[in-house]
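This is what each chain is made of:
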Amino acid sequence: MKPTNNCTIQKAGGLIALLTIASALALATSAAAQVPVQDRQEVGAPLRPAVMGPSGGVSAGHPLTAAVAFSVLLKGGNAFDAGVASLLAGGVLEQDLYSLGGEALVLVYPRREGKVTSIVGQGWASHNVDVDWYLARNKTLSGHGLDPAVVPGALHAALTVLEKWGTMSFEEVATPAIDYAEKGFPIRPSTVATIGRQRAFIEQWPANKAYWYKPDGSPYRAGDTIKLPTLARTLRRMVEAERAHRGAGRAAGIAAARDRFYKGDIAREMIAFLRQHDAPFDASDFADYFARIEEPARTTYRGYTIYKHGFSSQGPTLLQALNILENFDLHGMGYGSADYLHTVTEALKLAYADRDTYYADQAFVKSPAEGLLSKAYAKERAVLIDPKRASKAFIAGDPMKYDSQVKTWSYWKASVHENSPRAQSSREDQLASLGRDSAGISKDTTHMSVVDKDGNLFDATPSGGWITGAVILGDTGIGMSVRGEQFWLDKTRANQIRPHARPRYTLTPSMVFRGDLPVMAIGTPGGDNQDQTILQALLSVIDFWDDWYPNLHAAFERPRVQTSHFYGSFWPHAPGFNQLAVEADVPDAVYNELKARGHDVSRLRRFGMSGCATAVMVDPATGNRFAAADPRRDCYAMAY
């Protein structure tokens, strides 16, 4: 079959001819920065042609991850089978971004149910710890090793989705991941670079060294085949558990596979390793863990409904920013103008002040959700935006007066005023707070979106368990998530570490509807920047529809800005008040005007903003499936 940007499936006898993963990969449209920036087309012409098809689409952060999801769709699986398969494969292939010891935050839209559901696969802290436990031992939550560890949540979320909404067995969706781990796959340059940067950390832990170096102890080079036999063995044991319970039905088999990881011999091995290294976890921390299923947060924007994870995440930051921006004529300002970029930035500043104040694990904190998402509250906040002057304040609002349930707030509240001394921090602290290590390299994330022929949507942002900082738990091949670095060791903060609390996570998938009809699933890596990427991508799509339709890639290629006007979610939570990074494609006149309005502006290279929006869309006019991937990283989009 000749590679094309759109996949045309030949039908024979009413059945779709199946493609292998390898041939599916040949059809992927890459959004990678494989071509030097200076050799690309000039601004204005899309870098890549549209990816469209009548039946389904996939967009993900790695070509093989996308191909795995695509192949499952072609075999007759639904969006949830394909999404879970991509989650499992990504946890093998993309471990500089995400591993199966990390977390996965998922939104699903099963067409038969007619509603969006949130699956919170964020791990929790040990039941033995709290702020006092850490302070008494002079421990921090710096993002390396076992001190910031939380229970792996990704596998529980993946198998929960598969059990409730999928059609396939765990073995069927896990086979590609097992094959890559067992038989090997080409290691990509970014993974090799991450291993090189983490050499000192890796060599502290024998299991990490055995995992990330060749059997003779030498380093891998880009393009070498890497095998991960310990991870393959863990996944195979889960398959064995499913097979042993197959007679009880598909759901029982999937539950057995999940239980073997969290309650069986795999859990016992992980816990034994943790206890050997004086980590506070015990069997109950794993056995009691569950992926939370809940109603998502949502708001409307110019006739669309946008769904996000709730106030245990940073997701409502996007919703609050949209509510504020609905009070402005963004289309009239023009995409990328000084007025437009200034207004978007100032709206984000206001939303981030509320995020850092009011968002935390809702099992422990009751956020004023109704007030925070109130349109009247957004109008009040919008009035604070000075069209000609950047605000240097960082002050949370008072949503309680718009909330029928929450009337008081007993925790810390953002109140950095214009005349306050600007918070200072070292370069290393600022990098860490933005989700970067001391070399300035992002501790990043990945994302996958899937739409199938029936209109089901799957959208997931998995992360954690990275090569950067995660300890491999003995012979299990599982790198323990360090997401606990997003807690505060401060009892005045809502987002403080508590027994079995989940940190207020940055991972933030999104779904967009028009009326009752699904339109888009979209997400991105990027730590604190995730909702900035999604916001600017959504504004490009919604407010400037005629400028890109039907090539969704073009909506994502437009230049962006990135504010650091918040307390970083990552330890040590350093602020970057009034800092604004601007991509190189933003004209000098606009850059200079932003500077004149008081923004602390710096330049990024073209496509230099952290993030890689990956999305699938159901075209409201035709029902065709669009898929797109950001050019800012090696993300891949496919459709058929």
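Whatever comes next refers back to the structure up there.
A quick note: this is a predicted structure, and the numbers were derived from the prediction, not measured.

Visitor: Quick question: what am I supposed to make of the overall build of the chain here?
Guide: When helices and strands are counted, the chain shows 23 helices and 24 strands. Here the chain, with 640 residues, has 65% of them falling under the buried criterion. For the chain, restricting intrachain contacts to residue pairs at least 6 apart in sequence, the fraction spanning at least 24 positions comes to 74%. Carbon and sulfur atoms make up 51% of the accessible area of the chain, which totals about 22100 Å².

Visitor: Could you clarify how one ought to interpret the packing of aromatic side chains in this entry?
Guide: Each aromatic ring pair is characterised by the separation of its centres together with the angle its planes make. Inspection of every chain in the model, using the stated rule, returns 29 aromatic pairs. Taking 4.9 Å as the distance between ring centres and 80 degrees as the angle between the ring planes, the aromatic pair formed by Tyr-109 and Phe-513 counts as edge-to-face. With Tyr-109 in strand E6 (residues 103-109) and Phe-513 in strand E17 (residues 510-514), this pair connects stretches of sequence that are 404 residues apart. For Tyr-109, a relative accessible area of 3% gives the class buried. Residue Phe-513 is classed as buried on the basis of its relative accessible area of 3%. Between Phe-311 and Tyr-359, the aromatic rings sit 4.9 Å apart at their centres with planes inclined by 85 degrees, giving edge-to-face as the arrangement. Of this pair, Phe-311 sits in the loop between strand E12 (304-308) and helix H14 (316-325) while Tyr-359 is found in the loop between helix H16 (338-358) and helix H17 (369-372), placing the two residues 48 residues apart along the sequence.

Visitor: Can you walk me through the state of the cysteines in this structure?
Guide: One way to say it: the disulfide is the covalent bond shared by the sulfur atoms of two cysteines. By the definition in use, this model includes one disulfide. There is a disulfide in this structure between Cys-612 and Cys-635, and the S-S distance comes to 1.8 Å. Of this pair, Cys-612 sits in the loop between strand E21 (600-604) and strand E22 (614-618) while Cys-635 is found in the loop between strand E23 (625-629) and strand E24 (636-639), placing the two residues 23 residues apart along the sequence. Pair check on accessibility: Cys-612 and Cys-635 agree, each one buried.

Visitor: Would you explain the packing of helix H11 (residues 250-262) against helix H12 (residues 265-276) in this entry?
Guide: If you want to describe how two helices pack, look at the angle between their axes and the distance between the axes. At a minimum axis separation of 4 Å, H11 and H12 run at an interaxial angle of 20 degrees. Comparing their axes, H12 and H11 come out roughly parallel. Taken together, the residues of H12 that come into contact with H11 (itself represented by Arg-260, Phe-261 and Tyr-262) are Asp-265, Ile-266, Ala-267 and Met-270. Residues that form the contact of H11 with H12 fall into these classes: five nonpolar, no polar and two charged.

Visitor: Help me understand the sheet that holds E21 in this model?
Guide: Strand order in this open sheet of three strands is E19-E20-E21, and the pairing throughout is mixed. On the outer flanks of this sheet lie strand E19 (561-563) and E21, each paired with one strand and no other. Taken over all neighbouring pairs, the strand axes of this sheet differ in orientation by 25 degrees on average, direction set aside. Both strand E20 (residues 579-583) and E21 contribute to a ladder of five bridges, which runs parallel. Directly across from Leu-580, in E21, lies its bridge partner Val-601. This element, helix H23 (residues 588-596), spans E20 and E21 of the sheet and lies at about 150 degrees to E21.

Visitor: Before we go on, may I ask you to explain the sheet that holds E12 in this structure?
Guide: To summarise the sheet geometry, strands pair through backbone hydrogen bonds and adopt either a parallel or an antiparallel arrangement. A sheet is described by the order of its strands in space; here seven strands give the open sequence E4-E23-E22-E18-E17-E12-E11, paired in antiparallel fashion. Every other strand in the sheet has two partners, leaving strand E4 (51-53) and strand E11 (297-301) as the edge strands with one partner each. The sheet shows a mean angle of 20 degrees between the axes of neighbouring strands, direction not considered. Of the pairings in the sheet, the one linking E17 to strand E18 (residues 517-523) comprises five bridges and is antiparallel in character. By the bridge assignment for E18, Ser-510 is matched with Ile-522. Most of the contacts of H14 go to E11, to which it runs at about 25 degrees, and overall it touches E11, E12 and E17. Along the sheet face, helix H20 (residues 530-543) touches E11, E12, E17, E18 and E22 and points at about 140 degrees away from the line of E18.

Visitor: Looking at this structure, I do not really get the nonpolar core. What am I missing?
Guide: Grouped burial of nonpolar side chains is what soluble globular proteins tend to show. Counting residues in hydrophobic clusters, the biggest one holds 93 residues, and the most contacted among them are Phe-170 and Phe-458. The element contributing the most residues to this core is helix H3 (residues 79-93), with 10 residues. With residues up to four places along the chain from it excluded, the contact list for Phe-170 reads Leu-88, Leu-159, Leu-162, Leu-235, Met-238, Val-239, Glu-242, Ile-254 and Ala-257. Met-400, Trp-488, Met-520 and Phe-544 belong to the second largest nonpolar core, which has 77 residues in total.

Visitor: Can you walk me through the pairing of E17 in this structure?
Guide: Judged by how many residues are buried, E17 sits mostly within the fold: four of five residues are covered. Between E17 and E18, which pair antiparallel and follow one another directly, the connecting turn spans two residues, one of which, Gly-515, has a positive phi of 65 degrees.

Visitor: How should the pattern of salt bridges be read in this particular structure?
Guide: Once their charged atoms are close, side chains differing in charge can pair, the charge on each being opposite to the other. According to the stated counting rule, one finds 39 salt bridges in the structure shown. With a closest N to O distance of 3.1 Å, Glu-380 and Lys-401 form a salt bridge. Placement of the pair is Glu-380 in helix H18 (residues 375-382) and Lys-401 in the loop between strand E13 (394-395) and strand E14 (415-416), with a sequence separation of 21 residues. Its relative accessible area of 28% is what places Glu-380 among the partly exposed residues. A salt bridge links Lys-453 to Asp-454, with the nearest nitrogen and oxygen atoms 3.4 Å apart. Take Lys-453: its relative accessible area is 55%, and that puts it in the exposed class. When salt bridges with common partners are traced through the structure, they connect Arg-237, Glu-240, Arg-260, Asp-265 and Glu-269 into a single cluster.

Visitor: Teacher, can you tell me more about the packing of H16 against H20 here?
Guide: In contact at an axis separation of 12 Å, H16 and H20 are set at 140 degrees when each is read in the N-to-C sense. Classified by the angle their axes make, H16 and H20 are oblique. For the pair H16 and H20, the sense of crossing is right-handed. In this structure, H16 uses Tyr-340, Val-344, Leu-348 and Tyr-352 to contact H20, whose residues at the interface are Gln-532, Leu-535, Gln-536 and Leu-539.

Visitor: Looking at this structure, I do not really get the environment of Glu-557. What am I missing?
Guide: Considering the arrangement of structural elements, one finds Glu-557 in helix H22 (residues 552-557). The class of Glu-557 is buried, set by a relative accessible area of 10%. Distance from Glu-557 to Arg-606, taken between C-alpha atoms, is 9.9 Å for residues 49 residues apart in sequence.

Visitor: When you look at the pairing of strand E7 (residues 117-121) in this model, what are you seeing that I'm missing?
Guide: On any regular strand, side chains alternate: one points to one face of the sheet, the next to the other face. For E7, a buried count of five out of five residues is recorded, marking the element as mostly surrounded by other parts of the structure. Of the two faces of E7, the one lined by Thr-117, Ile-119 and Gly-121 and the one lined by Ser-118 and Val-120 are each fully buried. Across five bridges, the pairing between E6 and E7 is antiparallel. Considered in E7, the bridge of Val-108 is made with Thr-117. Where E7 meets strand E10 (residues 292-294), three bridges bridge the pair, whose relative direction is antiparallel. Within the sheet, the bridge partner assigned to Val-120 lies in E10 and is Arg-292.

Visitor: When you look at the side chain of Thr-461 in this model, what are you seeing that I'm missing?
Guide: As for its placement among the helices and strands, Thr-461 is situated in strand E16 (residues 457-463). Excluding anything up to four places from it in sequence, Thr-461 contacts Glu-103, Ala-104, Leu-105, Thr-445, Thr-446, His-447, Leu-507, Thr-508, Pro-509, Thr-524 and Gln-530.

Cut-offs and rules
- Within every chain, residues take consecutive numbers counted from 1 along the sequence as written.
- Local features in this predicted model are restricted to residues of pLDDT 70 or higher, and side-chain atom pairs are both shown and tallied only at a pLDDT of 80 or more, whereas totals for entire chains, interfaces and linings draw on every residue.
- Note: side-chain values were computed over all heavy atoms of the structure, leaving out hydrogens and water.
- Secondary structure elements follow DSSP: runs of H or I no shorter than four residues count as helices, runs of E no shorter than two count as strands, and numbering proceeds from the N terminus.
- Accessible area is worked out with a 1.4 Å probe on protein chains only. A residue is then buried under 20% of its type maximum, exposed over 50%, and partly exposed in between.
- Here a residue-residue contact requires only that any non-hydrogen atoms of the pair lie within 4.5 Å.
- Where accessible areas are quoted, they stem from the Shrake-Rupley method and a 1.4 Å probe; at the residue level, only the protein chains shown are allowed to cover.
- Within 6.5 Å between ring centres, the rings of Phe, Tyr and Trp (the latter by its six-membered ring) count as paired, and their orientation is classed by plane angle as stacked under 30 degrees, edge-to-face over 60, tilted in between.
- When two cysteine sulfur atoms lie within 2.5 Å, the pair is treated as a disulfide.
- Here, axes are lines fitted to C-alpha atoms. For helices the fit covers the stretch in contact, and angles between N-to-C directions go from 0 to 180 degrees.
- Under this scheme an angle from 65 to 115 degrees is roughly perpendicular, one under 35 degrees roughly parallel, and one over 145 degrees roughly antiparallel; angles in between are oblique.
- Any residue outside Ala, Val, Leu, Ile, Met, Phe, Trp, Tyr, Cys, Pro, Asp, Glu, Lys and Arg is labelled polar, Gly included; the first ten of those are nonpolar and the last four are charged.
- Two strands qualify as a pair provided DSSP detects at least 2 bridges between them.
- Residues belong to one nonpolar core when they are buried, are Ala, Val, Leu, Ile, Met, Phe, Trp, Tyr or Cys, and are joined through side-chain atoms within 4.5 Å.
- For this document, the term salt bridge refers to a Lys or Arg side-chain nitrogen within 4 Å of an Asp or Glu carboxyl oxygen.
- Less than a right angle of anticlockwise turn of the near helix away from the far helix marks a crossing as left-handed, whereas a clockwise turn marks it as right-handed.

Any functional reading would require information beyond the geometric quantities listed.
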